[in-house]
Amino acid sequence: MRIADLAGRRVAVWGFGREGRAALSALQLRLPRQPVTLFCSGSEAAFGQAVHPAAQVVTDAPSAGALSAFEVVIKSPGIGAYRPEIIEAQHNGTRFTSGTALWFAENPDARVIGVTGTKGKSTVAALIAHLLRSLGRRVALAGNIGLPLLELLDPPQAPDWWVVELSSFQTREAGPIEVGVINNVYEEHLDWHGTRERYVEDKLALAAVSRTLVVGALQPDLLSRTGVHAGRRTFGDARGWHVSDGTIARDGQAAFALARSPLPGPHNALNLCAALATLDAADEDARAAAPAIATFRPLPHRLQTLGVHDGITFVDDSIATTPQATLEALASFHGHAMSVLVGGHDRGLDWQPFADAVRAQPPHAIITMGANGPRIAALLDETGGAYVRQSAATLAEAFALARAATPPGGVVLLSPGAPSFDQFKDYAERGCAFAQLAGFDPAAIGRIEGLGIL
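Quantities reported herein were computed from a predicted structural model and do not represent experimental measurements.

I tried to follow the overall build of the protein on my own but got confused; where do I start?
Along the protein, the regular secondary structure elements total 17 helices and 21 strands. Over its C-alpha atoms the protein spans a radius of gyration of 22 Å, differing by no more than 12% from the 22 Å that the globule rule assigns to 454 residues. Considered along the principal axes of its C-alpha atoms, the protein spans approximately 65 × 50 × 40 Å. Here the protein, with 454 residues, has 56% of them falling under the buried criterion. Summarising the internal contacts of the protein: among those between residues at least 6 apart in sequence, 68% fall at separations of at least 24. Taken as two groups, the 38 positive and 44 negative side-chain charges of the protein have centres that lie 4 Å from each other.

Please explain empty space enclosed by the protein as it appears in this structure.
If a probe as big as a water molecule is rolled over the atoms, it shows which places are left empty. Within the structure shown, the criterion is met by 3 cavities of 30 Å³ or more. Volume-wise, the largest cavity comes out at about 60 Å³. Around the largest cavity sit 13 residues that line it, and E19, K75, S76, P77 and G99 are the ones nearest its centre. Elements that contribute at least two residues to the lining of the largest cavity include exactly α1 (18–30), β4 (72–75) and α5 (99–106). Here the element with the most residues in the lining of the largest cavity is α1; it accounts for 3 residues. Space inside the second largest cavity adds up to approximately 40 Å³. What lines the second largest cavity is T321, H345, D346, R347, G348, L349, W351, N372, R375, G417, A418 and P419. Residue composition of the lining of the second largest cavity, by class: 4 nonpolar, 5 polar and 3 charged.

Explain the pairing of strand β10 (residues 210–216) to me, please; I cannot follow it from the model alone.
With 6 of 7 residues buried, β10 lies mostly within the body of the structure. Once you follow β10 into helix α9 (residues 220–226) and on to strand β11 (residues 232–235), the crossover reads as right-handed.

Where do I start with the packing of aromatic side chains in this structure?
Where two aromatic rings form a pair, the distance of their centres and the angle of their planes describe that pair. Tallied over the full model, the rule gives 7 aromatic pairs. Centroid distance W351 to F354: 5.1 Å. Interplanar angle 80°. Geometry classified as edge-to-face. Each member of the pair, W351 as well as F354, is classed as buried. Ring pairs connect the aromatic residues F314, F399, F434 and F440, which therefore count as one cluster. One residue, R198, lies across the ring of Y82, its end atom 3.9 Å from the ring centre.

Looking at this structure, I do not really get the pattern of salt bridges. What am I missing?
Any two side chains of opposite charge can pair, given that their charged atoms come close. By the definition in use, this model includes 20 salt bridges. One salt bridge connects R172 with D202, and the closest N-O pair in it is separated by 2.4 Å. Here the residue R172 occupies a position in the loop between β8 (161–165) and β9 (177–182), and D202 occupies one in helix α8 (residues 196–208), the gap between them amounting to 30 residues. Of the residues examined, R172 reaches a relative accessible area of 53% and is grouped as exposed. D202 sits in the buried class, given a relative accessible area of 1%. For R239, the salt bridge goes to D237, with nearest N and O atoms at 2.8 Å. Exposure remark for D237: the relative accessible area of 14% places this residue in the buried category. Salt bridges sharing partners connect three or more residues here, namely R2, R30, E106 and D154.

Honestly, the sheet that holds strand β5 (residues 95–97) in this entry has me stumped. Any pointers?
Each strand in a sheet pairs with another by means of backbone hydrogen bonds, the pair being arranged parallel or else antiparallel. Spatially, β3-β2-β1-β4-β5 is the arrangement adopted by the 5 strands of the open sheet, whose pairing is parallel. Edge positions in the sheet fall to β3 (56–58) and β5, since each of these pairs with one other strand and no more. For this sheet the average axis-to-axis angle between neighbouring strands, irrespective of direction, equals 25°. The pairing of β4 with β5 spans 3 bridges and is classified as parallel. Paired with V73 across the bridge in β5 is F96. Strands β1 (11–14), β2 (36–39) and β4 of the sheet are contacted by α1, whose axis makes an angle of about 155° with β1.

I'm lost on the pairing of strand β13 (residues 247–250) in this one. Help?
Side-chain positions along a regular strand alternate between the two faces of the sheet. Judged from the 3 bridges that link them, strand β12 (residues 242–244) and β13 form a sheet pairing that is antiparallel. By the bridge assignment, V243 is partnered in β13 with I248. The sheet contact formed by β13 and strand β14 (residues 253–257) spans 4 bridges and is antiparallel. Across the sheet, residue I248 finds its bridge partner in β14, namely F256. Between β13 and β14, which follow one another and run antiparallel, lie 2 residues, and D251 among them has a positive phi close to 55°.

Can you help me understand the layout of surface pockets in this one?
What the second largest pocket holds in volume is close to 280 Å³. What lines the second largest pocket is a set of 15 residues, among which L330, H334, Q361, P362 and P363 lie closest to the centre. Going through the elements one at a time, α12 (323–332) and α13 (352–360) are the ones with two or more residues in the lining of the second largest pocket. Its residues placed into classes, the lining of the second largest pocket shows 10 nonpolar, 5 polar and no charged.

Just checking my understanding: could you explain the side chain of T406 for this structure?
With respect to the helices and strands, the residue T406 is situated in the loop between α15 (395–405) and β20 (411–414). Among the polar contacts listed, one links the side chain of T406 to the backbone oxygen of A402, at a separation of 2.6 Å. Not counting residues within four places of it along the chain, the set of residues in contact with T406 comprises I312, A337, S339, H364, V411 and V412.

Honestly, the packing of α15 against helix α16 (residues 427–437) in this entry has me stumped. Any pointers?
The description of two packed helices rests on the angle between their axes and on the distance between the axes. It is at 11 Å that the axes of α15 and α16 come closest, and there the two elements cross at 45°. Put simply, α15 runs oblique to α16. Crossing of α15 against α16: the hand is right-handed. Across the interface between the two elements, L395, A396, F399 and R403 of α15 pack against R430, A433, F434 and L437 of α16. For the contact of α15 with α16, the per-class residue count stands at 6 nonpolar, no polar and 2 charged.

Cut-off values and rules
- Residues numbered from 1 in each chain as written.
- Predicted model: local features only at pLDDT ≥ 70, side-chain atom pairs only at ≥ 80, totals over all residues.
- Heavy atoms only, no water.
- Helix = DSSP H or I, 4+ residues; strand = E, 2+ residues; numbered from the N terminus.
- Rg over C-alpha atoms; globule rule 2.2 N^0.38 Å.
- Buried < 20%, exposed > 50% of the residue type's maximum accessible area, 1.4 Å probe, protein only.
- Contact = heavy atoms within 4.5 Å.
- Lys, Arg positive; Asp, Glu negative; His and termini not counted.
- Charge placed at Lys NZ, Arg CZ, Asp CG, Glu CD.
- 1 Å grid on protein atoms, 1.4 Å probe; cavity = no way out; pocket = protein on both sides within 12 Å on 5 of 7 lines; lining within 4 Å.
- Points joined across faces, edges and corners; volume = space filled by probe spheres on them.
- Nonpolar A, V, L, I, M, F, W, Y, C, P; charged D, E, K, R; others polar.
- Right-handed = clockwise from strand over helix to strand, strands pointing away.
- Phe/Tyr/Trp six-rings, centres within 6.5 Å; stacked < 30°, edge-to-face > 60°.
- Lys NZ or Arg CZ within 6 Å of the ring centre and 35° of its normal.
- Salt bridge = Lys/Arg side-chain N within 4 Å of Asp/Glu carboxyl O.
- Pairing = 2+ DSSP bridges.
- Axes fitted to C-alpha atoms, helices over the stretch in contact; angles between N-to-C directions.
- Polar contact = N/O pair within 3.5 Å; in protein donor to acceptor, adjacent residues only side chain to side chain.
- Parallel < 35°, antiparallel > 145°, perpendicular 65-115°, else oblique.
- Left-handed = near helix turned anticlockwise from the far one by under 90°.

Quick look at the structure:
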């Protein structure tokens, strides 16, 4: 469905975050006389009418009956697709779409590299864009990374490549895609998808619309589920780009020394492999682009070293919203006296593997916090381990405990393993709050370079 197809229909926009604003702006641009209803919070109402003066603003959460009054609802990605009111409205004939789906319908001939995965997808997408630009390509970097596709609806000059990060909320709305990338799949977003199996299925929906598919080779289940794809390529194993003797290599030849990488940790080494494998799949010269890894600027809130105060290094990994991601962060600083802050919004994920791992390889201290902090703390106490365990309610309280517990030369790491919604708007706001507590300027560390068309 294209935007023009909405003309004369009963249309609503549901949600007024950045995706919702982009959708409303696109309607105002393409169909200025089209009546539209906006479902948003009371604090967003005036802004919504400023974006689209003709919009009717409703500040009550829409019921199934309210949604059923529309032929088409443009839904923001954070609103779960499996909610009862949506299912009932669909049964009554309402069609739900999104900014992502509308953009793909408007751009059927765009050369798209679509990137998803439970962890690392933003870094991989930004790396791909950076490496392609190093080869002289004009590249758009957009999507879930922080720039809605509809904000780039009518560029004056089409890019050579669109590198689009897709969350599990968006993978069923994308396509066609020239190169699809599934970096990894772990358990996440169970509150949105309902079950782990449905989450995995939604992630892997990207494979069906990708001409060539790039997947991590170190997850047997991911390999098994994508084995039928005729154009599948892998990374992380000897058949593709992989880590070898401190380098990123392929076909027995090293292309980049990890000592020069601005991205710490074994998981980031695999992210480099994923990006280079994607360039190969796009018929670009990955080996020629590899030296440009050294000039890549890491994304904020992703194992971002903020600096040192009073002999303690402060690291912001607020993007870590699963226990597995926190374990990867700890592995990146193995050998340091590390105090890690964990906890946040409770999505019901299993923390037992984390508790087992830190018992086997203990950090200096673990400070639990947030809504699921008590559950994590109880599990850590039950499992045991030779490290300091403390509990707090808020990030500020947890930070104070971590700083007091950490010796000079040590590291205080924010890697919560959980979403931020119990205390903050999003992971970025949480990371900025951590930076401020540590004595650093949040504005100086929160910008993603390379968004848009360059």
